[in-house]
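# Architecture and fold: a report
One letter stands for each residue in the lines below.
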Amino acid sequence: MLATAQLVADRLKQSEDPAVRQLAPRLERTIDRAAGLAASTLKYGRADEAPPRLQRVIVAEAAEEAAAEALVGFAMDYRADIETGLACMADPDHLHRVLSNLVRNAAQAMKDHARAEKAVTVRGILVDGRCEIDVIDHGPGVPEKLRARLFEPFVSAAPEAGGAGLGLAIARELTLAMGGNLELARSGAEGATFRVTLPAA
Ligand SMILES: Nc1ncnc2c1ncn2[C@@H]1O[C@H](COP(=O)(O)OP(=O)(O)O)[C@@H](O)[C@H]1O
Ligand SMILES: [Mg+2]
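Along each chain, residues carry numbers from 1 onward, in the same order as the chain's sequence is written. In the order they appear in the text, chains get letters beginning with A and ligands get numbers beginning with 1. Given that the model is predicted, a residue must reach a pLDDT of at least 70 before its local features are reported, and side-chain atom pairs must reach 80 or more before they are shown or counted; all residues, however, enter totals for whole chains, interfaces and linings. Excluding hydrogens and water, the side-chain values take into account all heavy atoms of the structure.

## Details of the nonpolar core
Which entries qualify depends on this criterion: Note on terminology: a nonpolar core comprises buried Ala, Val, Leu, Ile, Met, Phe, Trp, Tyr and Cys residues joined through side-chain atoms within 4.5 Å. Relative accessibility decides the category of a residue: with a 1.4 Å probe and only protein chains considered, values under 20% of the type maximum give buried, values over 50% give exposed, and everything between is partly exposed. Only DSSP runs of H or I covering at least 4 residues are called helices, and only runs of E covering at least 2 are called strands; the numbering of each starts at the N terminus. Contacts between residues were defined by any pair of non-hydrogen atoms, one from each residue, lying within 4.5 Å.
In this structure, L99 and F194 are the most contacted members of the largest nonpolar core, which totals 41 residues. When contributions to this core are tallied by element, the ones reaching two or more residues are α3 (59–70), β3 (87–90), α4 (92–111), β4 (119–127), β5 (130–136), α6 (167–177) and β7 (191–199). At 8 residues, α4 tops the list of elements feeding residues into this core. Not counting the four nearest positions on each side in its chain, F194 is found in contact with L102, I133, D134, V135, V142, L150, F151, L168, L182, E183, L184 and A185.

Dropping the structure here:
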């Protein structure tokens, strides 16, 4: 939503009509305020959400389950490249939501992309007492315009396709609440890699 509005505002700035050009920054500020309000509403809505119940989770099992759910309806393979026995401390339900969101985004990115390999790979390794869980795709990468605000609510490149732009915002909140982190580790013409980091168990 916000990203689309920004694109419109950018166009307005290039308009021949000075009156229209002047509207662009105002539109942008209004949108920013609206997004801010929506973001705090969202936070408030989650305030009474149960805190994470951390337990030992086998990463390969969690990833497999999340991918199985997320890839329903996509003609796409799931590949696991996860260290044997890798386990993290996580709330199993929350980790499921995080990983299925990332896998679904990966599948959506590859769906209409002319690329031979239609597969989502989850790679898991232990680094300095933490689990690094990478969700890797071969799509077109994250649009440059979205990168700076990728994890903010209501940022989506596909609002007309029903993308609410909440997937990554919620996934990051859930990950942070488990003492972990979620970041875009890599994005380019070869695809995108989102990295979930969680304490090892
Ligand atoms: N793996 C990916 N490859 C390319 N773009 C992505 C990927 N994951 C997310 N994005 C971009 O980030 C935007 C926001 O993602 P998300 O928060 O899940 O919202 P939504 O999926 O509802 O649009 C998507 O609309 C898409 O443009
Ligand atoms: Mg999404």
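## Some thoughts on the environment of R172
In this fold, R172 is placed in helix α6. For R172, a relative accessible area of 27% translates into the label partly exposed. Taking the C-alpha atoms as reference points, R172 and F151, separated by 21 residues in sequence, lie 7.0 Å from one another. For R172, the residues in contact, after removing those within four places along its chain, are F151, N181, L182 and E183.

## Comments concerning the pattern of salt bridges
Rule in force here: The term salt bridge refers to a pairing of a side-chain nitrogen on Lys or Arg with a carboxyl oxygen on Asp or Glu at a separation within 4 Å.
Under the definition given, this model contains 9 salt bridges. Linking D112 and K111 is a salt bridge whose minimum nitrogen-to-oxygen distance equals 3.6 Å. For D112, a relative accessible area of 70% puts it in the exposed group. Taking the relative accessible area as the measure of exposure, K111 reaches 45% and is therefore partly exposed. Notably, a salt bridge pairs D134 with R195, separated by 2.7 Å at the nearest N-O pair.

## Focus: the site of ligand 1
The condition is simple: Whether a residue is near a molecule or strand is decided by its heavy atoms; if any one of them lies within 4 Å of it, the residue is near. In protein, a polar contact requires one atom able to donate a hydrogen and another able to accept it; more generally it is a pair of N or O atoms within 3.5 Å, and residues adjacent in sequence count only if both atoms are side-chain atoms. All accessible areas in this document rest on Shrake-Rupley with a 1.4 Å probe, and a residue is counted as covered only by the protein chains that are shown.
The full set close to ligand 1 counts 21 residues, and N105, D137, S156, A157 and L168 are the nearest of them. Here N105 contributes a side-chain N or O atom positioned 2.8 Å from an oxygen atom of ligand 1. Contact with the protein chains hides 89% of the accessible area of ligand 1, taken as 530 Å² for the molecule alone. Only α4, α6 and β7 provide two or more residues apiece to the shell around ligand 1. Sort the elements by how many residues they give to the shell around ligand 1 and α4 lands first, with 3 residues.

## Focus: the pairing of β7
Selection criterion: Should DSSP find at least two bridges between two strands, the strands are taken to pair.
Extensive coverage of β7 is indicated by the burial of 8 of its 9 residues. Here β5 runs beside β7; their pairing, made up of 7 bridges, is antiparallel. From the neighbouring strand, E132 faces β7, where its bridge partner is T197. Of the pairings in the sheet, the one linking strand β6 (residues 181–188) to β7 comprises 7 bridges and is antiparallel in character. From the neighbouring strand, L182 faces β7, where its bridge partner is V196. The hairpin turn running from β6 into β7, its antiparallel successor, is 2 residues long.

## Comments concerning the sheet that holds β7
In a beta sheet, neighbouring strands pair by backbone hydrogen bonds and run either parallel or antiparallel. The condition that has to hold: In this analysis, axes come from line fits to C-alpha atoms, helices being fitted only over the stretch in contact, and the angle between any two N-to-C directions falls in the range 0 to 180 degrees.
In spatial order, the strands read β2-β4-β5-β7-β6; together these 5 strands make up an open sheet with mixed pairing. One side of each edge strand has no neighbouring strand; the edge strands of this open sheet are β2 (77–82) and β6. The mean inter-strand angle of the sheet, taken between neighbouring strand axes irrespective of direction, is 20 degrees. The strands touched by α3 are β2, β4 and β5; relative to β2, the strand with the most contacts, the crossing angle is about 170 degrees.

## Let's talk about the environment of M178
Looking at the secondary structure, you find M178 in the loop between α6 and β6. Among the residues examined, M178 registers a relative accessible area of 3% and is labelled buried. Separated by 127 residues in sequence, M178 and P51 place their C-alpha atoms 8.8 Å apart. Setting aside residues up to four positions removed in sequence, M178 forms contacts with P52, L54, A90, D91, H94, L95, L198 and P199.

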